[in-house]
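The residues making up each chain are set out below.
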Amino acid sequence: MSSKRDTLVATADRLFYTEGFAATGIDRVVADAGVALGTLYRHFNGKADLVVAVLDYREAAFFARLDEVAAGKKGPDRVLSLFDGMLSWAEQKPGNENGCLFLRAASEHPEEPAVRTRVQKHKKDYLAFCRKHLREGGWDAAAARRLAPRIFLLLEGAVATCGFLGNRAAIKQARDAAEDLLNQESPIPTTQHRT
């Protein structure tokens, strides 16, 4: 990516999240990014194209944060680190009480197939990401497939309730529920898993 494209995407990410998609026009993104309107149109076909680029950017940054927090952790701690990473993410982002940017994009762009497709892809990727962390934590493939949707729902529920419970309380409640769930079905120790 060019540095001007990077600047446009990062600026749009911040503005879309804190102020909303409908309230943030292309002119505002260009002004805040400090680039010419022509520069935006050299990189994007229109607002929907910019929204998709922002969603790509946000997903990559979010998953990188979760992986960073999970580094070196094993067993249930590997999976529970998803909640710790989510809290770390929420506390460093402005307007963190605004919920899921992907769901907001879908609701504000219901007639944009590219946006809808990207949001659906993110949710599938997030579910697969949960499954990956379960596998890395020691659960076999069948257990990871069974548990991943539950972990995913707890993460999604935490995001949905941060606005009125607060980040710490919502994420802690979801983490506690995930810990209870994981304690009911512990991973197979590596030595047993190989037999």
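Everything below is about the structure printed above this text.
Quick notes on the rules
Residues numbered from 1 in each chain as written. Predicted model: local features only at pLDDT ≥ 70, side-chain atom pairs only at ≥ 80, totals over all residues. Heavy atoms only, no water. Helix = DSSP H or I, 4+ residues; strand = E, 2+ residues; numbered from the N terminus. Buried < 20%, exposed > 50% of the residue type's maximum accessible area, 1.4 Å probe, protein only. Contact = heavy atoms within 4.5 Å. Areas by Shrake-Rupley, 256 points an atom, 1.4 Å probe, with all protein chains shown as cover. Salt bridge = Lys/Arg side-chain N within 4 Å of Asp/Glu carboxyl O.

## Re the overall build of the protein
- Counting its regular elements, the protein contains 10 helices and zero strands.
- If you list the helices and strands of the protein from N to C, you get α-α-α-α-α-α-α-α-α-α.
- Referenced to the eigenvectors of the C-alpha coordinate spread, the extents of the protein come out at roughly 60 × 35 × 30 Å.
- Among the 195 residues that make up the protein, the fraction classed as buried is 44%.
- A sequence separation of at least 24 residues applies to 68% of the contacts in the protein between residues at least 6 apart.
- Split by element, the accessible area of the protein, about 9,700 Å² in all, is 53% carbon and sulfur.

## Examining the pattern of salt bridges
- Counted according to the given criterion, the structure contains 15 salt bridges.
- Here E59 and R118 are joined by a salt bridge, their closest N and O atoms 3.1 Å apart. Here E59 is found in helix α4 (residues 47-70), whereas its partner R118 is found in helix α7 (residues 113-137), with 59 residues between them in sequence. For the pair E59 and R118, a shared accessibility class is recorded, and that class is buried.
- One salt bridge connects D67 with K132, and the closest N-O pair in it is separated by 3.2 Å. Of this pair, D67 sits in helix α4 while K132 sits in helix α7, placing them 65 residues apart in sequence.
- On the basis of relative accessible area, D67 is assigned to the partly exposed category, the value being 28%.
- Within this structure, R14, E19, R28 and D32 form a network of salt bridges that share partners.

## Section: the environment of Y41
- With respect to the secondary-structure elements, Y41 resides in helix α3 (residues 37-43).
- You can call Y41 partly exposed: its relative accessible area is 42%.
- Residues Y41 and P113, spaced 72 residues apart in sequence, show a C-alpha to C-alpha distance of 20 Å.
- Once residues within four sequence positions are removed from consideration, Y41 is found in contact with I26 and G46.

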